[in-house]
Amino acid sequence: MSGAVTLWLQRLGEGDEAALDELVPLLYDELRGVARRLLRGERPGRTLSTTALVNETYLRLLEARRLTPTDRAAFLGVAAVTMRRLLVDAARRRLADKRGSGLPALPLDDLAELVAAPEADAELVALDAAMATLKSASPRAHQVVELRFFAGLSLEETAVTLALSTKTVQRDWLAARAWLRAEIAPD
Amino acid sequence: MNPEQWAQLSELFGELVEMSEDERQSRLADPGLASETVRALERMLAAHAAERPLTIEERLAPELDPPPEQIGPYRLLHLLGEGGMGEVWLAERDEPGFRRQVALKRIRRGLESTELRRRFGIEREALARLSHRGIAQLLDGGIDAAGVPFLALEYVEGRPLVEAADALHLGLDQRLALFEEVCAAVHYAHAHLVVHRDLKPANILLTAEREVRLLDFGIAKLLDPELQESAATRTSLRLVTPEYASPEQLAGEPVTTATDVYALGLLLHELLTGRRPFREHEGSLTALEQAVRTLEPRRSSDAVAATGDAAAATARRSSPAALARALRGDLDTIVATALRKEPDRRYASVERLAEDVALYRAGRPIRARPESLPYRLRKFTGRHRVAVGAATLIALLLAGFSLFAWRQAGGLERERDTARAERDKARELSDFLTDLFGADPYADDPALRDSTTLGEFLERSEASVRRELDGRPEIQAALLARLARLHGNLGRLDRARPLAEEALSTRRALAGDHRADVAESANTLATVLQEQGELPAAETLFREALALREALYDEPHADIAESLNNLAIVLVDRNDAARAAETEALERRGLEMRRALYGDDHFDTLQSRNNFAVFLIKRAGPGDLAEAEGLLRAVLAGRKRRLGADHPTVANTESNLANLLDDLGREPEAIALFHEAIRAWSASLGADHPRVATGLYGLYAALLDTGDLAAAEQALRAALAIDEHHLPPGHPYLATDRQKLAELRVAAERKKAEASAAPGAAESR
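Residues numbered from 1 in each chain as written. Chains lettered and ligands numbered in written order. Predicted model: local features only at pLDDT ≥ 70, side-chain atom pairs only at ≥ 80, totals over all residues.

Brief notes about the overall build of chain A
Within chain A, the regular secondary structure consists of 9 helices and 0 strands. The buried share of chain A, reckoned over its 187 residues, is 44%. Excluding contacts between residues fewer than 6 apart, the proportion of contacts in chain A whose partners are at least 24 apart in sequence is 66%. (Helix = DSSP H or I, 4+ residues; strand = E, 2+ residues; numbered from the N terminus. Buried ≥ 20, exposed ≤ 12 C-beta atoms within 10 Å, placed from the backbone. Contact = placed C-beta atoms within 7 Å.)

Side note on unusual backbone geometry
Of note, the amide linkage connecting B:Glu555 to B:Pro556 takes the cis form, showing an omega dihedral of -5 degrees. Mapped onto the fold, B:Pro556 is located in the loop between helix H24 (535-552) and helix H25 (558-574). In this structure, A:Ala163 takes a positive phi of about 55 degrees despite not being glycine. Positionally, A:Ala163 belongs in the loop between helix H8 (155-162) and helix H9 (166-184). On the neighbour-count criterion, A:Ala163 (13 C-beta atoms within 10 Å) is partly exposed.

Notes on the nonpolar core
All names here are of chain B. Judged by nonpolar contacts, the single largest core of 85 residues is most densely connected at Leu480, Ala500, Phe674, Leu696, Leu699, Tyr700 and Ala719. In contact with leucine 696, other than residues within four places in its own chain, are Ile678, Ala715, Ala718 and Ala719. Listed in part, the 80 residues of the second largest apolar core include Leu153, Val195, Leu264 and Leu323. (Core = buried A, V, L, I, M, F, W, Y, C linked by C-beta atoms within 7 Å.)

What to know about the sheet that holds strand S9 (residues 212-214) of chain B
All names here are of chain B. Strand order in the open sheet formed by 3 strands is S7-S8-S9, with antiparallel pairing between adjacent strands. Each edge of the open sheet carries a strand with a single partner, namely strand S7 (158-160) and S9. Put simply, the sheet's adjacent strands are angled 35 degrees from each other on average, direction ignored. The sheet contact formed by strand S8 (residues 204-207) and S9 spans 3 bridges and is antiparallel. (Pairing = 2+ DSSP bridges. Axes fitted to C-alpha atoms, helices over the stretch in contact; angles between N-to-C directions.)

Digging into the packing of helix H10 (residues 257-273) of chain B against helix H15 (residues 330-338) of chain B
Residue and element names in this part refer to chain B. Contact geometry for H10 and H15: axes closest at 7 Å, N-to-C directions at 145 degrees. Considering how the two elements wind past one another, H10 and H15 form a crossing that is left-handed. Every residue of H15 that contacts H10 at Val261, Tyr262, Leu264, Gly265, Leu268, His269 and Leu272 is listed here: Leu331, Val335 and Ala338. Of the residues assigned to the contact of H10 with H15, the class counts are 8 nonpolar, 2 polar and no charged. (Left-handed = near helix turned anticlockwise from the far one by under 90°. Nonpolar A, V, L, I, M, F, W, Y, C, P; charged D, E, K, R; others polar.)

As for helix H16 (residues 350-361) of chain B
Residue and element names in this part refer to chain B. Helix length check: H16 (12 residues) gives 17 Å between terminal C-alpha atoms against 16 Å at 1.5 Å per residue, within 8%. Of all the residues in H16, the buried ones are Val350, Arg352, Leu353, Ala354, Asp356, Val357 and Tyr360. Close packing links the buried residues of H16 with helix H7 (172-191), H10 and H15. (Expected span 1.5 Å × (residues − 1).)

Okay, here's the thing in structure tokens:
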């Protein structure tokens, strides 16, 4: 299983886009394992920040030597995608339940619960739509936001991961954040 | 929105956020801008000005939560910087009579488990022991109300060293003098068992008084996810700066004081030339990693000559040509020696590096020698014989003991995690001695080539640990446990044992949850007991360690795998046929766990394979030997790939495989492998090393089986010569060797007599 993470990360690094679809579920399992480990014995009701979760997962994989340092950028990119899908899916499902979609209320799985942010569900869904627009206009700015928001990377880390200068990342980030806020915030 | 629209929006927005309100208004009034664009920009500016207008930003905020105004006794004043690790704030606290300013680091990574928080506390105390004018003092630390760990460090006002030196137009000699100050501070920390791990110009400041101050000493380790306590820890790469990472850090190998020597080499290069040696490879992380691990850096003088950077030269009161001339020769050599890829071949200590700089400044010949082609070919001779001296030295100390055990075990090499590879042992010991006492066990000083002297070093260190850490049982026990391992590595089992026992009982008695430490100490003590032949007691402790670790960690886990391996070894030693099935299950489980953890080719996985093969050879049931051969061949291939053909560990495997083939009656293959092992041992450890004798002994046995008595005698004589050199005169080995030699001579005489008495007899047989 873990060997597969490394393998797919390599494939992704070599430009195999399909590898992403293989990686997300694998990484999802890793994230869930780490979340459970972190929360073992903690008081109930505590939620984790995406930052802590992604960092812990990365460190765990790195420490276990399943990842090489060069896999880091790819890992963080995939982790960001995974977290985004996870959060947005959970938000969609909760909103659907509230509206009485007629669908059976699916129990959210435990990872979605752990990083749940029900108070932000509507925003998350709106953010997802706005992010799609941003992606078509600037894939780079989209990636910056994804890494900053969903993998919790700092400016410097984002710059290293995307092999961009800090200045470029900062410019993309400020503009994209302002645009997204304007797009999502009710007028 | 299309890409062109975004490009325009983001560019204009970037300009606008930098402007004053008035400037913005006039910029937006530009009639060339579409009204739609102006509206979008106005909305963006309004959104930008709002502090966190979205709920998701609170939940997904990439930055830390806004800090409280006060953390412990510290009032936060303003943000000094932000990095991968977290934020640094200028903060102050009231102290009697004055207000102290500190640099307060808030650490991004949460310490999520109690165990990590506890280890964070221990490491912090170790760092607080550092008190040197060249090192920013760690004053305080803890976990704030929000659960975020923080550290309070002496606040240093200054500029990064390289930048400051350039601004001041310091000449080479002034730069070297400052570099010596940096070395003195690093050496001091090493003597207190702290490795910096992330030395880089940004962490080395020059104050207005032109004093050097090092920041963040040991912080990288404090932030290490596992906070491992052994000297040879690995650092996660995300905690170091890629541009200043050493080859071993990039390879995920153990970080030692040699890592700091490398970082100082990078600093010196930059201080002297104005650029980093691999700057042209810094475009991508992969390219940089590749370059750092495989490329020889350009000589400092060549780097200057090639770039012809006039500004850099001017900042050094020189011209590019003159600067290149000044660097050529000794300074090139000093930088190159500090920057060698292999930690073992760099300066043996920071002190040695500083000495060469001082010698150069005094106009005297430096000690390091440039690498020459003949040098590379002879690798282990010449001046750098001393650098390999320690490995040889430790091996010599171990020899009487391990060689004996080896031959007793039928020439099969088992390997134990706790003892680690010989090279690691040597490195841990030499780091420890060099840095703790300023003594250099690599020196070619005959007095130091004696275990009594080394033992004295350890005794002194024990006294200092007892004195300085009186009343701090947790830290004291950690260091005593380490001393126990060092004594054990030296074969001083009688000294190792009481220390290991003390560390274990202290850790058992400590309040709170110390199961991980108890497991580690139980493991250490068990290893000593096993070496002393007290197998049942060793087994009990190994089992305890395993049970504790199984309860503590999720599988697969490195420590559980270690325990499985060690327990299996003791069961193999106890040689109880009734428990062979249990042993096999442990071996298989340990091996599978390591494969899952590390993959097939990792050092530890190969070690488990090797040990499993040893078990199979000893049991020798149906199919066992064939499986063992397969395992050993895989081990050999893996190790050759990772370590190269000349490595002593590769030779160990070749020798194990050769013994097996000899037992299987495949002498010609065995002989070829013994030759290969002898060659590799000679190349790596020296032709006179006891391991070479071991190989020769195996070769002799295989040759004897083929009936080639002359060659067998030659091999045995060579083995005897080495043994005579290293073993005391009355040693049972020498008697055995001589007796076998006598038997050989008798057999040879008889054969000769038979041949002359009955010509053609050999053919007719």
